[in-house]
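# Secondary and tertiary structure notes
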Amino acid sequence: MSQVAIIVNGKARKADVEPRMLLVHVLREQFNLTGTHLGCDTSQCGACTVLVDGRSAKSCTIFAVQADGSEVTTIEGLATDGQLHPLQKGFWDAHGLQCGYCTPGMIMSAVTLLRDTPDPTEAQIREGIAGNLCRCTGYQHIVDAIQLAAGRR
Amino acid sequence: MIPTGFEYERATSVADAVARLRASNGAAKLIAGGHSLVPLMKLRLSEPGRLIDIARIPELCGIRQVGDAIEIGAATVHHDVATSPLIATRCPMLAEAAAEIGDPQVRNRGTLGGSLAHADPSADYPAVILVLNATIHIVGPGGERVVQAATFFKDLLTVDLDPQEVIVSVRFKPVVSAGYAKLHQRASHYAIVGVAGVLDIQGGVVRSACVAVTGASTHAMRLSNVEHALAGQPLNDESIHKAASIAGAGVAVVNADVHASEEYRRAMIPVFTKRALEKARARSSA
Ligand SMILES: Cc1cc2nc3c(=O)[nH]c(=O)nc-3n(C[C@H](O)[C@H](O)[C@H](O)COP(=O)(O)OP(=O)(O)OC[C@H]3O[C@@H](n4cnc5c(N)ncnc54)[C@H](O)[C@@H]3O)c2cc1C
Ligand code: FES
Ligand code: FES
(Lines give C-alpha, C1' and ligand atoms only; values in the text may rest on other atoms or scores of the structure.)
(Ligands and ions follow the chains in the order given, each with its own letter.)
Protein backbone atom coordinates (compact mmCIF):
# COMPACT_ATOMS: atom_id res chain seq x y z
CA MET A 1 0.00 0.00 0.00
CA SER A 2 1.05 3.57 -0.65
CA GLN A 3 -0.50 6.69 0.76
CA VAL A 4 -1.38 9.35 -1.77
CA ALA A 5 -2.19 12.97 -1.01
CA ILE A 6 -4.13 14.69 -3.76
CA ILE A 7 -5.91 18.03 -3.76
CA VAL A 8 -9.27 17.13 -5.24
CA ASN A 9 -11.54 20.00 -6.25
CA GLY A 10 -9.66 22.26 -3.86
CA LYS A 11 -9.76 19.91 -0.85
CA ALA A 12 -6.75 18.00 0.44
CA ARG A 13 -7.59 14.28 0.35
CA LYS A 14 -5.62 11.23 1.36
CA ALA A 15 -6.08 7.61 0.41
CA ASP A 16 -4.30 4.32 0.95
CA VAL A 17 -3.97 2.66 -2.42
CA GLU A 18 -2.19 -0.17 -4.09
CA PRO A 19 0.17 1.32 -6.69
CA ARG A 20 -1.76 -0.48 -9.41
CA MET A 21 -4.95 1.42 -8.55
CA LEU A 22 -5.96 3.77 -11.37
CA LEU A 23 -6.81 7.37 -10.58
CA VAL A 24 -10.34 6.93 -11.94
CA HIS A 25 -11.06 4.18 -9.39
CA VAL A 26 -9.72 6.22 -6.48
CA LEU A 27 -11.86 9.19 -7.49
CA ARG A 28 -14.99 7.10 -7.91
CA GLU A 29 -14.65 4.46 -5.23
CA GLN A 30 -12.64 6.11 -2.45
CA PHE A 31 -13.64 9.75 -2.86
CA ASN A 32 -17.20 8.93 -4.06
CA LEU A 33 -16.86 11.33 -6.98
CA THR A 34 -18.80 9.29 -9.51
CA GLY A 35 -19.16 12.13 -12.01
CA THR A 36 -15.97 10.89 -13.64
CA HIS A 37 -17.01 7.98 -15.83
CA LEU A 38 -15.14 4.90 -16.92
CA GLY A 39 -16.04 4.24 -20.54
CA CYS A 40 -13.66 2.17 -22.62
CA ASP A 41 -10.94 1.57 -20.00
CA THR A 42 -8.51 1.50 -22.98
CA SER A 43 -7.44 5.18 -23.19
CA GLN A 44 -9.63 5.92 -26.20
CA CYS A 45 -12.99 7.45 -25.19
CA GLY A 46 -12.12 10.28 -22.80
CA ALA A 47 -15.14 9.67 -20.52
CA CYS A 48 -12.69 9.53 -17.62
CA THR A 49 -11.12 12.93 -18.38
CA VAL A 50 -10.21 15.09 -15.36
CA LEU A 51 -7.76 17.94 -14.92
CA VAL A 52 -4.42 16.98 -13.42
CA ASP A 53 -2.49 20.10 -12.40
CA GLY A 54 -4.76 22.14 -14.61
CA ARG A 55 -4.65 20.10 -17.82
CA SER A 56 -6.96 17.43 -19.20
CA ALA A 57 -5.89 13.84 -18.70
CA LYS A 58 -7.48 10.40 -18.98
CA SER A 59 -7.76 9.14 -15.40
CA CYS A 60 -7.98 5.52 -16.62
CA THR A 61 -4.42 5.86 -17.93
CA ILE A 62 -2.83 7.27 -14.77
CA PHE A 63 -2.06 5.39 -11.59
CA ALA A 64 -3.21 7.29 -8.52
CA VAL A 65 0.36 7.17 -7.18
CA GLN A 66 1.48 9.17 -10.22
CA ALA A 67 -0.92 11.93 -9.13
CA ASP A 68 0.40 12.01 -5.55
CA GLY A 69 1.06 15.68 -4.76
CA SER A 70 -1.03 16.90 -7.69
CA GLU A 71 -4.20 18.91 -7.93
CA VAL A 72 -7.09 17.11 -9.59
CA THR A 73 -10.32 18.72 -10.75
CA THR A 74 -13.35 16.62 -11.61
CA ILE A 75 -16.72 17.64 -13.03
CA GLU A 76 -17.95 18.04 -9.43
CA GLY A 77 -15.40 20.81 -8.92
CA LEU A 78 -16.58 23.13 -11.69
CA ALA A 79 -19.71 24.72 -10.29
CA THR A 80 -19.12 27.53 -7.80
CA ASP A 81 -21.64 28.68 -5.17
CA GLY A 82 -24.37 26.61 -6.71
CA GLN A 83 -23.85 28.28 -10.09
CA LEU A 84 -23.12 26.02 -13.04
CA HIS A 85 -19.81 26.59 -14.82
CA PRO A 86 -20.29 28.35 -18.20
CA LEU A 87 -19.54 25.07 -19.98
CA GLN A 88 -22.13 23.17 -17.93
CA LYS A 89 -24.65 25.90 -18.70
CA GLY A 90 -23.65 25.81 -22.38
CA PHE A 91 -24.22 22.04 -22.57
CA TRP A 92 -27.60 22.51 -20.88
CA ASP A 93 -28.74 25.33 -23.14
CA ALA A 94 -27.42 23.97 -26.45
CA HIS A 95 -28.52 20.36 -25.79
CA GLY A 96 -24.91 19.19 -25.76
CA LEU A 97 -25.86 15.78 -24.40
CA GLN A 98 -28.28 12.93 -24.84
CA CYS A 99 -27.48 10.00 -22.52
CA GLY A 100 -24.84 12.11 -20.76
CA TYR A 101 -22.26 9.38 -20.39
CA CYS A 102 -19.54 11.27 -22.29
CA THR A 103 -20.52 14.68 -20.89
CA PRO A 104 -18.24 15.03 -17.83
CA GLY A 105 -15.21 14.09 -19.93
CA MET A 106 -16.28 16.35 -22.78
CA ILE A 107 -16.63 19.28 -20.42
CA MET A 108 -13.25 18.68 -18.74
CA SER A 109 -11.59 18.57 -22.19
CA ALA A 110 -13.42 21.75 -23.12
CA VAL A 111 -12.13 23.47 -19.95
CA THR A 112 -8.56 22.88 -21.13
CA LEU A 113 -9.45 23.90 -24.69
CA LEU A 114 -10.93 27.24 -23.59
CA ARG A 115 -8.00 27.87 -21.30
CA ASP A 116 -5.59 27.49 -24.23
CA THR A 117 -7.88 28.97 -26.89
CA PRO A 118 -10.46 31.34 -25.37
CA ASP A 119 -12.16 32.07 -28.69
CA PRO A 120 -11.94 28.82 -30.64
CA THR A 121 -13.05 28.20 -34.22
CA GLU A 122 -15.25 25.20 -34.95
CA ALA A 123 -12.17 23.30 -36.18
CA GLN A 124 -10.29 24.11 -32.97
CA ILE A 125 -13.23 22.88 -30.89
CA ARG A 126 -13.35 19.62 -32.84
CA GLU A 127 -9.60 19.20 -32.32
CA GLY A 128 -10.01 20.07 -28.63
CA ILE A 129 -12.46 17.20 -28.10
CA ALA A 130 -10.64 14.76 -30.42
CA GLY A 131 -9.85 12.61 -27.38
CA ASN A 132 -13.52 12.22 -26.42
CA LEU A 133 -16.03 9.94 -28.05
CA CYS A 134 -19.80 10.43 -27.97
CA ARG A 135 -22.11 7.69 -29.14
CA CYS A 136 -25.29 9.78 -29.12
CA THR A 137 -25.11 13.35 -30.28
CA GLY A 138 -23.16 13.27 -33.52
CA TYR A 139 -21.02 15.99 -31.90
CA GLN A 140 -22.74 18.99 -33.53
CA HIS A 141 -24.58 20.07 -30.38
CA ILE A 142 -21.45 19.53 -28.31
CA VAL A 143 -19.52 21.85 -30.61
CA ASP A 144 -22.37 24.39 -30.38
CA ALA A 145 -22.40 24.12 -26.58
CA ILE A 146 -18.69 24.85 -26.32
CA GLN A 147 -19.00 27.75 -28.76
CA LEU A 148 -21.89 29.15 -26.70
CA ALA A 149 -19.88 28.86 -23.49
CA ALA A 150 -16.86 30.51 -25.07
CA GLY A 151 -18.94 33.47 -26.19
CA ARG A 152 -20.47 33.94 -22.74
CA ARG A 153 -17.29 34.03 -20.71
CA MET B 1 -8.61 -3.57 -16.21
CA ILE B 2 -6.17 -3.82 -13.34
CA PRO B 3 -2.48 -4.60 -13.90
CA THR B 4 -0.45 -7.09 -11.87
CA GLY B 5 0.83 -5.62 -8.64
CA PHE B 6 4.05 -3.63 -8.59
CA GLU B 7 6.03 -1.30 -6.36
CA TYR B 8 6.19 2.38 -7.20
CA GLU B 9 8.92 4.89 -6.52
CA ARG B 10 9.91 8.31 -7.78
CA ALA B 11 13.40 9.16 -8.91
CA THR B 12 14.66 12.61 -7.97
CA SER B 13 17.44 12.90 -10.56
CA VAL B 14 18.80 11.05 -13.58
CA ALA B 15 21.59 9.59 -11.45
CA ASP B 16 18.99 8.43 -8.91
CA ALA B 17 16.92 6.81 -11.69
CA VAL B 18 19.97 4.95 -13.01
CA ALA B 19 20.89 3.78 -9.49
CA ARG B 20 17.34 2.55 -8.85
CA LEU B 21 17.21 0.71 -12.20
CA ARG B 22 20.49 -0.96 -11.39
CA ALA B 23 19.43 -1.89 -7.85
CA SER B 24 16.26 -3.55 -9.12
CA ASN B 25 18.19 -6.17 -11.10
CA GLY B 26 15.93 -6.00 -14.12
CA ALA B 27 12.60 -5.99 -12.21
CA ALA B 28 12.00 -2.27 -12.70
CA LYS B 29 10.84 -0.20 -15.62
CA LEU B 30 10.83 3.55 -16.02
CA ILE B 31 7.51 5.33 -16.33
CA ALA B 32 7.26 8.84 -17.77
CA GLY B 33 3.86 9.78 -19.25
CA GLY B 34 2.64 6.20 -18.96
CA HIS B 35 0.65 6.51 -22.16
CA SER B 36 2.29 3.53 -23.81
CA LEU B 37 3.18 1.59 -20.67
CA VAL B 38 -0.06 1.84 -18.64
CA PRO B 39 -2.27 0.48 -21.46
CA LEU B 40 0.17 -2.43 -21.90
CA MET B 41 0.17 -3.11 -18.15
CA LYS B 42 -3.63 -3.04 -18.02
CA LEU B 43 -3.65 -5.72 -20.72
CA ARG B 44 -0.94 -7.55 -18.72
CA LEU B 45 1.27 -7.53 -21.79
CA SER B 46 3.85 -5.85 -19.57
CA GLU B 47 4.23 -6.88 -15.91
CA PRO B 48 7.09 -4.95 -14.32
CA GLY B 49 7.66 -5.63 -10.61
CA ARG B 50 8.56 -2.00 -9.96
CA LEU B 51 7.97 1.34 -11.65
CA ILE B 52 10.43 4.19 -11.35
CA ASP B 53 8.67 7.45 -12.11
CA ILE B 54 10.87 9.96 -13.94
CA ALA B 55 8.15 12.39 -15.01
CA ARG B 56 8.99 15.03 -12.41
CA ILE B 57 12.77 15.08 -12.67
CA PRO B 58 13.49 18.76 -13.41
CA GLU B 59 16.61 18.10 -15.52
CA LEU B 60 14.54 15.90 -17.87
CA CYS B 61 11.97 18.59 -18.67
CA GLY B 62 12.16 21.56 -20.98
CA ILE B 63 13.21 22.92 -24.33
CA ARG B 64 16.44 24.91 -24.62
CA GLN B 65 18.64 26.47 -27.24
CA VAL B 66 22.23 25.23 -26.95
CA GLY B 67 24.45 27.12 -29.38
CA ASP B 68 22.94 26.57 -32.82
CA ALA B 69 21.14 23.42 -31.66
CA ILE B 70 17.91 22.80 -29.77
CA GLU B 71 17.79 20.38 -26.86
CA ILE B 72 14.57 18.82 -25.61
CA GLY B 73 14.48 16.99 -22.30
CA ALA B 74 13.19 13.42 -22.52
CA ALA B 75 10.30 13.99 -20.10
CA THR B 76 8.98 17.01 -22.01
CA VAL B 77 5.34 16.34 -22.88
CA HIS B 78 4.07 16.48 -26.45
CA HIS B 79 1.89 19.52 -25.66
CA ASP B 80 4.95 21.55 -24.66
CA VAL B 81 6.76 20.65 -27.88
CA ALA B 82 3.66 21.44 -29.96
CA THR B 83 3.21 24.87 -28.37
CA SER B 84 6.84 25.99 -27.88
CA PRO B 85 7.45 29.35 -29.62
CA LEU B 86 11.10 28.36 -30.16
CA ILE B 87 10.14 25.14 -31.95
CA ALA B 88 7.36 26.87 -33.91
CA THR B 89 9.75 29.43 -35.41
CA ARG B 90 12.95 27.41 -35.72
CA CYS B 91 11.63 23.93 -36.49
CA PRO B 92 7.93 24.10 -37.42
CA MET B 93 7.86 20.49 -38.72
CA LEU B 94 8.51 19.24 -35.17
CA ALA B 95 5.72 21.38 -33.70
CA GLU B 96 3.43 20.14 -36.45
CA ALA B 97 4.23 16.49 -35.73
CA ALA B 98 3.85 16.91 -31.95
CA ALA B 99 0.49 18.64 -32.42
CA GLU B 100 -0.77 15.63 -34.37
CA ILE B 101 0.09 13.01 -31.76
CA GLY B 102 -3.01 11.33 -30.38
CA ASP B 103 -5.39 13.81 -28.79
CA PRO B 104 -5.06 16.68 -26.29
CA GLN B 105 -5.17 14.39 -23.22
CA VAL B 106 -2.44 12.15 -24.67
CA ARG B 107 -0.32 15.21 -25.50
CA ASN B 108 -0.70 16.51 -21.94
CA ARG B 109 0.89 13.34 -20.52
CA GLY B 110 3.01 11.56 -23.16
CA THR B 111 6.71 12.40 -23.46
CA LEU B 112 9.34 12.56 -26.18
CA GLY B 113 11.67 10.12 -24.40
CA GLY B 114 8.85 7.64 -23.79
CA SER B 115 7.84 7.75 -27.42
CA LEU B 116 11.41 7.11 -28.62
CA ALA B 117 12.12 4.37 -26.06
CA HIS B 118 8.86 2.58 -26.81
CA ALA B 119 9.28 2.98 -30.60
CA ASP B 120 5.76 2.09 -31.63
CA PRO B 121 5.84 1.37 -35.37
CA SER B 122 3.11 4.02 -35.81
CA ALA B 123 4.61 6.71 -33.57
CA ASP B 124 5.17 10.16 -35.09
CA TYR B 125 8.38 11.40 -33.49
CA PRO B 126 10.69 8.72 -34.92
CA ALA B 127 10.27 9.92 -38.54
CA VAL B 128 10.93 13.51 -37.51
CA ILE B 129 13.92 12.61 -35.33
CA LEU B 130 15.41 10.69 -38.27
CA VAL B 131 15.17 13.53 -40.80
CA LEU B 132 16.55 16.02 -38.27
CA ASN B 133 19.61 13.77 -37.83
CA ALA B 134 19.04 14.24 -34.11
CA THR B 135 21.28 12.79 -31.44
CA ILE B 136 19.81 10.90 -28.50
CA HIS B 137 21.61 11.46 -25.21
CA ILE B 138 21.51 8.50 -22.87
CA VAL B 139 22.82 7.92 -19.34
CA GLY B 140 23.42 4.46 -17.88
CA PRO B 141 25.57 2.70 -15.29
CA GLY B 142 28.59 3.23 -17.57
CA GLY B 143 28.04 6.99 -17.92
CA GLU B 144 26.76 9.00 -20.85
CA ARG B 145 26.59 8.02 -24.49
CA VAL B 146 25.24 9.68 -27.61
CA VAL B 147 23.39 7.74 -30.30
CA GLN B 148 22.62 9.01 -33.79
CA ALA B 149 18.95 8.81 -34.73
CA ALA B 150 20.03 6.89 -37.85
CA THR B 151 21.21 3.95 -35.74
CA PHE B 152 18.75 4.22 -32.82
CA PHE B 153 15.67 2.54 -34.33
CA LYS B 154 16.47 -1.13 -34.84
CA ASP B 155 13.31 -3.15 -35.31
CA LEU B 156 9.76 -3.55 -34.05
CA LEU B 157 9.65 -1.86 -30.60
CA THR B 158 13.42 -2.24 -30.48
CA VAL B 159 15.92 0.56 -30.10
CA ASP B 160 19.55 1.02 -29.12
CA LEU B 161 18.80 1.36 -25.39
CA ASP B 162 19.74 -0.88 -22.51
CA PRO B 163 17.08 -1.63 -19.84
CA GLN B 164 19.33 0.07 -17.28
CA GLU B 165 19.66 3.27 -19.31
CA VAL B 166 17.70 6.52 -19.27
CA ILE B 167 17.16 8.76 -22.30
CA VAL B 168 18.00 12.24 -21.05
CA SER B 169 17.51 14.47 -24.07
CA VAL B 170 17.36 14.82 -27.82
CA ARG B 171 19.43 17.39 -29.69
CA PHE B 172 19.24 18.62 -33.28
CA LYS B 173 19.99 21.52 -35.58
CA PRO B 174 16.61 23.11 -36.27
CA VAL B 175 15.50 23.53 -39.86
CA VAL B 176 12.60 25.53 -41.25
CA SER B 177 12.23 24.00 -44.74
CA ALA B 178 10.73 20.75 -43.53
CA GLY B 179 7.29 19.20 -43.26
CA TYR B 180 5.40 16.29 -41.71
CA ALA B 181 2.30 14.77 -43.30
CA LYS B 182 0.28 12.01 -41.72
CA LEU B 183 -2.61 9.72 -42.49
CA HIS B 184 -4.38 9.35 -39.14
CA GLN B 185 -5.92 6.20 -37.79
CA ARG B 186 -9.31 7.73 -37.01
CA ALA B 187 -9.74 6.52 -33.43
CA SER B 188 -6.28 6.60 -31.85
CA HIS B 189 -4.77 9.12 -34.30
CA TYR B 190 -1.60 7.01 -34.62
CA ALA B 191 0.05 7.25 -38.04
CA ILE B 192 -1.13 4.72 -40.61
CA VAL B 193 1.55 6.37 -42.70
CA GLY B 194 3.52 9.44 -41.64
CA VAL B 195 6.26 11.07 -43.69
CA ALA B 196 8.78 13.70 -42.61
CA GLY B 197 10.89 15.56 -45.15
CA VAL B 198 13.70 18.12 -44.90
CA LEU B 199 14.93 20.00 -47.97
CA ASP B 200 18.24 21.82 -48.19
CA ILE B 201 17.66 24.25 -51.04
CA GLN B 202 20.04 26.71 -52.68
CA GLY B 203 19.10 28.88 -55.64
CA GLY B 204 16.03 26.80 -56.38
CA VAL B 205 18.01 23.55 -56.47
CA VAL B 206 17.80 20.78 -53.89
CA ARG B 207 21.29 20.34 -52.46
CA SER B 208 20.14 17.41 -50.38
CA ALA B 209 16.96 15.92 -48.98
CA CYS B 210 16.19 13.84 -45.92
CA VAL B 211 12.97 11.82 -45.98
CA ALA B 212 11.67 9.22 -43.51
CA VAL B 213 8.48 7.23 -43.10
CA THR B 214 6.76 5.91 -39.98
CA GLY B 215 3.69 3.67 -39.65
CA ALA B 216 4.59 1.77 -42.79
CA SER B 217 6.96 -0.85 -41.47
CA THR B 218 8.38 -2.42 -38.30
CA HIS B 219 10.05 0.85 -37.41
CA ALA B 220 10.60 4.34 -38.83
CA MET B 221 13.13 4.46 -41.65
CA ARG B 222 14.76 6.79 -44.15
CA LEU B 223 13.60 6.62 -47.78
CA SER B 224 17.00 6.93 -49.43
CA ASN B 225 15.73 6.41 -52.97
CA VAL B 226 13.53 9.50 -52.62
CA GLU B 227 16.44 11.45 -51.15
CA HIS B 228 18.69 10.49 -54.09
CA ALA B 229 15.99 11.30 -56.63
CA LEU B 230 15.72 14.84 -55.25
CA ALA B 231 19.40 15.65 -54.76
CA GLY B 232 20.72 18.05 -57.40
CA GLN B 233 17.28 18.57 -58.97
CA PRO B 234 15.57 21.91 -59.44
CA LEU B 235 12.78 22.11 -56.86
CA ASN B 236 9.44 22.12 -58.67
CA ASP B 237 6.18 20.19 -58.94
CA GLU B 238 7.72 17.73 -61.35
CA SER B 239 10.78 16.86 -59.28
CA ILE B 240 8.66 16.46 -56.14
CA HIS B 241 6.13 14.31 -57.95
CA LYS B 242 8.82 12.13 -59.51
CA ALA B 243 10.70 11.59 -56.25
CA ALA B 244 7.53 10.96 -54.23
CA SER B 245 6.25 8.43 -56.74
CA ILE B 246 9.02 5.97 -55.83
CA ALA B 247 8.57 6.41 -52.05
CA GLY B 248 8.25 3.07 -50.30
CA ALA B 249 9.46 1.09 -53.31
CA GLY B 250 12.50 -0.11 -51.37
CA VAL B 251 10.65 -0.94 -48.14
CA ALA B 252 10.63 -4.74 -47.90
CA VAL B 253 8.13 -5.27 -45.07
CA VAL B 254 4.98 -3.15 -45.06
CA ASN B 255 2.49 -3.52 -42.20
CA ALA B 256 -1.02 -4.81 -42.66
CA ASP B 257 -3.60 -4.59 -39.85
CA VAL B 258 -7.29 -3.87 -39.27
CA HIS B 259 -6.71 -0.21 -40.08
CA ALA B 260 -5.01 -0.57 -43.45
CA SER B 261 -3.87 -3.35 -45.78
CA GLU B 262 -0.33 -3.57 -47.10
CA GLU B 263 -1.55 -2.47 -50.53
CA TYR B 264 -3.26 0.62 -49.10
CA ARG B 265 -0.26 1.58 -47.00
CA ARG B 266 2.04 1.18 -50.03
CA ALA B 267 -0.29 3.41 -52.04
CA MET B 268 -0.32 6.06 -49.32
CA ILE B 269 3.45 6.37 -48.85
CA PRO B 270 3.93 8.37 -52.10
CA VAL B 271 0.84 10.49 -51.37
CA PHE B 272 2.08 11.57 -47.94
CA THR B 273 5.68 11.90 -49.13
CA LYS B 274 4.49 14.40 -51.71
CA ARG B 275 2.52 16.33 -49.09
CA ALA B 276 5.46 16.44 -46.69
CA LEU B 277 7.79 17.69 -49.43
CA GLU B 278 5.26 20.31 -50.55
CA LYS B 279 5.04 21.59 -46.98
CA ALA B 280 8.84 21.75 -46.82
CA ARG B 281 8.92 23.69 -50.10
CA ALA B 282 6.22 26.11 -48.94
CA ARG B 283 8.16 26.82 -45.74
CA SER B 284 11.44 27.31 -47.63
CA SER B 285 9.94 30.16 -49.63
CA ALA B 286 7.99 31.71 -46.77
C1 LIG C 1 -5.09 6.94 -27.08
C2 LIG C 1 -3.65 7.10 -27.45
C3 LIG C 1 -3.31 7.62 -28.69
C4 LIG C 1 -1.98 7.78 -29.06
N5 LIG C 1 -1.70 8.30 -30.30
C6 LIG C 1 -0.42 8.47 -30.67
C7 LIG C 1 -0.09 9.04 -31.94
O8 LIG C 1 -0.95 9.41 -32.74
N9 LIG C 1 1.22 9.16 -32.26
C10 LIG C 1 2.22 8.80 -31.39
O11 LIG C 1 3.38 8.96 -31.74
N12 LIG C 1 1.95 8.28 -30.18
C13 LIG C 1 0.65 8.12 -29.80
N14 LIG C 1 0.37 7.60 -28.55
C15 LIG C 1 1.50 7.19 -27.67
C16 LIG C 1 1.93 8.37 -26.80
O17 LIG C 1 2.57 9.35 -27.58
C18 LIG C 1 2.87 7.91 -25.67
O19 LIG C 1 2.82 8.94 -24.73
C20 LIG C 1 4.31 7.71 -26.01
O21 LIG C 1 4.44 6.78 -27.04
C22 LIG C 1 5.08 7.16 -24.83
O23 LIG C 1 5.49 8.19 -23.99
P24 LIG C 1 5.25 8.10 -22.43
O25 LIG C 1 5.97 9.23 -21.81
O26 LIG C 1 3.79 8.02 -22.20
O27 LIG C 1 5.99 6.74 -22.08
P28 LIG C 1 5.68 5.63 -20.99
O29 LIG C 1 4.41 4.96 -21.32
O30 LIG C 1 5.84 6.18 -19.64
O31 LIG C 1 6.89 4.65 -21.29
C32 LIG C 1 6.98 3.92 -22.50
C33 LIG C 1 8.26 3.09 -22.48
O34 LIG C 1 9.39 3.94 -22.56
C35 LIG C 1 10.23 3.77 -21.42
N36 LIG C 1 10.72 5.11 -21.10
C37 LIG C 1 9.97 6.21 -20.86
N38 LIG C 1 10.76 7.29 -20.71
C39 LIG C 1 12.03 6.86 -20.87
C40 LIG C 1 13.30 7.52 -20.81
N41 LIG C 1 13.44 8.84 -20.60
N42 LIG C 1 14.42 6.75 -21.00
C43 LIG C 1 14.31 5.42 -21.24
N44 LIG C 1 13.14 4.75 -21.30
C45 LIG C 1 12.02 5.48 -21.11
C46 LIG C 1 9.37 3.12 -20.38
O47 LIG C 1 10.13 2.34 -19.49
C48 LIG C 1 8.43 2.27 -21.21
O49 LIG C 1 9.04 1.08 -21.55
C50 LIG C 1 -0.95 7.42 -28.15
C51 LIG C 1 -1.27 6.91 -26.89
C52 LIG C 1 -2.61 6.76 -26.52
C53 LIG C 1 -2.92 6.22 -25.16
S1 FES D 1 -12.30 5.26 -19.89
FE2 FES D 1 -10.49 6.40 -19.99
S3 FES D 1 -10.34 6.87 -22.08
FE4 FES D 1 -12.12 5.62 -22.02
S1 FES E 1 -24.40 11.91 -24.90
FE2 FES E 1 -24.41 9.76 -24.91
S3 FES E 1 -22.31 9.31 -25.23
FE4 FES E 1 -22.39 11.42 -25.56
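Residues numbered from 1 in each chain as written. Chains lettered and ligands numbered in written order. Predicted model: local features only at pLDDT ≥ 70, side-chain atom pairs only at ≥ 80, totals over all residues. Heavy atoms only, no water.

## Here we look at the overall build of chain A
Helix and strand counts for chain A come out as five helices and five strands. Counting from the amino terminus, helix and strand elements in chain A follow one another as β-β-α-β-β-β-α-α-α-α. Compactness check: chain A gives a C-alpha radius of gyration of 15 Å against a globular reference of 15 Å for 153 residues, within 12% of the reference. Across its three principal axes, chain A shows a C-alpha extent of roughly 45 × 35 × 25 Å. Burial statistics for chain A: of 153 residues in total, 53% are counted as buried. Taking as baseline every contact in chain A between residues at least 6 positions apart, the subset at least 24 positions apart corresponds to 57%. Put simply, chain A shows about 6,700 Å² of open surface, and 49% of that area lies on carbon and sulfur atoms. Counting 13 positive and 15 negative side-chain charges, chain A places the centres of these two groups 2 Å from one another. (Helix = DSSP H or I, 4+ residues; strand = E, 2+ residues; numbered from the N terminus. Rg over C-alpha atoms; globule rule 2.2 N^0.38 Å. Buried < 20%, exposed > 50% of the residue type's maximum accessible area, 1.4 Å probe, protein only. Contact = heavy atoms within 4.5 Å. Areas by Shrake-Rupley, 256 points an atom, 1.4 Å probe, with all protein chains shown as cover. Lys, Arg positive; Asp, Glu negative; His and termini not counted. Charge placed at Lys NZ, Arg CZ, Asp CG, Glu CD.)

## Some words on the pairing of strand β6 (residues 135-140) of chain B
Residue and element names in this part refer to chain B. A large share of β6 lies buried, amounting to five of its six residues. Here β6 pairs with strand β10 (residues 166-172) via five bridges, running antiparallel. If you follow H137 over to β10, its bridge partner there is S169. (Pairing = 2+ DSSP bridges.)

## Let's talk about the sheet that holds strand β2 (residues 28-31) of chain B
Residue and element names in this part refer to chain B. Here three strands make up an open sheet; going across it, the order is β1-β3-β2 and the pairing parallel. Looking at the sheet topology across the chains shown, the edges are occupied by β1 (7-10) and β2. Taken over all neighbouring pairs, the strand axes of this sheet differ in orientation by 25° on average, direction set aside. Two elements, β2 and strand β3 (residues 50-53), share four bridges in a ladder whose sense is parallel. Within β3, the residue paired with A28 across the bridge is R50. (Axes fitted to C-alpha atoms, helices over the stretch in contact; angles between N-to-C directions.)

## Considerations on the domain arrangement of chain B
Domain assignment breaks chain B into domain 1 (7-52), domain 2 (60-172) and domain 3 (178-284). Distance from the C-alpha centre of domain 1 of chain B to the C-alpha centre of domain 3 of chain B: 35 Å. (Domains from an automatic or database assignment.)

## Description of the interface of chain B and chain A
Listed per partner, the contact involves 33 residues of chain B and 33 residues of chain A. Of the roughly 2,400 Å² buried between chain B and chain A, counting both surfaces, carbon and sulfur atoms make up 52%. The tally of links between chain B and chain A comes to three salt bridges. Of the charged contacts in the structure, one is a salt bridge between D41 of chain A and K42 of chain B, with a shortest N-O distance of 2.7 Å. The interface formed by chain B and chain A holds 19 residue pairs in polar contact (both at pLDDT 80 or more) in total. (Buried area = accessible area lost by both parts, 1.4 Å probe. Salt bridge = Lys/Arg side-chain N within 4 Å of Asp/Glu carboxyl O. Polar contact = N/O pair within 3.5 Å; in protein donor to acceptor, adjacent residues only side chain to side chain.)

## Describing the packing of aromatic side chains
Using the criterion set out here, one finds two aromatic pairs over all chains in the structure. Over the ring of F272 of chain B we find R275 of chain B; its NZ or CZ atom is 4.6 Å from the centre of that ring. (Phe/Tyr/Trp six-rings, centres within 6.5 Å; stacked < 30°, edge-to-face > 60°. Lys NZ or Arg CZ within 6 Å of the ring centre and 35° of its normal.)

## Focus: the packing of helix α11 (residues 237-245) of chain B against helix α12 (residues 262-285) of chain B
All names here are of chain B. Relative to each other, α11 and α12 sit at 145°, their axes nearing to 8 Å. Remark: the crossing between α11 and α12 carries right-handed chirality. Taken together, the residues of α12 that come into contact with α11 (itself represented by D237, I240, H241, A244 and S245) are P270, T273, K274, L277, E278 and R281. Grouping the constituent residues of the contact of α11 with α12 by class yields four nonpolar, three polar and four charged. (Left-handed = near helix turned anticlockwise from the far one by under 90°. Nonpolar A, V, L, I, M, F, W, Y, C, P; charged D, E, K, R; others polar.)

## Remarks on the environment of V226 of chain B
Residue and element names in this part refer to chain B. Following the sequence through the fold, V226 ends up in helix α10 (residues 224-230). Spatially, the C-alpha atom of V226 lies 13 Å from that of R207, the residues being 19 residues apart in sequence. Beyond its immediate stretch of four places on either side in the chain, V226 contacts V211, A243, I246, A247, T273 and L277.

## What about the site of ligand 1?
What surrounds ligand 1 is a group of 33 residues, the closest being L30, G34, H35, T111 and D124 of chain B. Chain contributions to the surroundings of ligand 1 come from chains A and B. Contact distances for ligand 1 include 3.2 Å between an oxygen atom and a side-chain N or O atom of K29 of chain B. Between a nitrogen atom of ligand 1 and a main-chain N or O atom of S188 of chain B, the distance comes to 3.3 Å. Starting from 970 Å² of accessible surface for ligand 1 in isolation, the protein chains cover 96%. When residues of the shell around ligand 1 are traced back to their parent elements, those giving at least two are β2, α7 (112-118) and β10 of chain B. (Near = heavy atom within 4 Å.)

## Some words on the pairing of strand β1 (residues 2-8) of chain A
All names here are of chain A. Pairing of β1 with strand β2 (residues 11-17) involves seven bridges; the strand directions are antiparallel. Counterpart to I6 in the pairing with β2 is R13. Counting the residues that bridge the hairpin from β1 to β2 gives two residues, and of these N9 lies at a positive phi of roughly 50°. The pairing of β1 with strand β5 (residues 71-73) spans two bridges and is classified as parallel. Looking at the pairing, V8 lines up with V72 of β5.

## Observations regarding the side chain of S115 of chain B
Residue and element names in this part refer to chain B. Of note, S115 is situated in helix α7. Among the residues examined, S115 registers a relative accessible area of 15% and is labelled buried. The residues contacting S115, other than those within four sequence positions of it, are H78, D120, A123, Y125 and P126.

## Some details on the nonpolar core
Formed by 58 residues in total, the largest nonpolar core has its most connected members in L116 and F172 of chain B. Beyond its immediate stretch of four places on either side in the chain, L116 of chain B contacts Y125, P126, I129, I136, F152, F153, V159, I167 and V170 of chain B. The next biggest cluster of nonpolar side chains, apart from the first, holds 30 residues, and it includes V24, V50 and A64 of chain A together with I31 of chain B. (Core = buried A, V, L, I, M, F, W, Y, C linked by side-chain atoms within 4.5 Å.)

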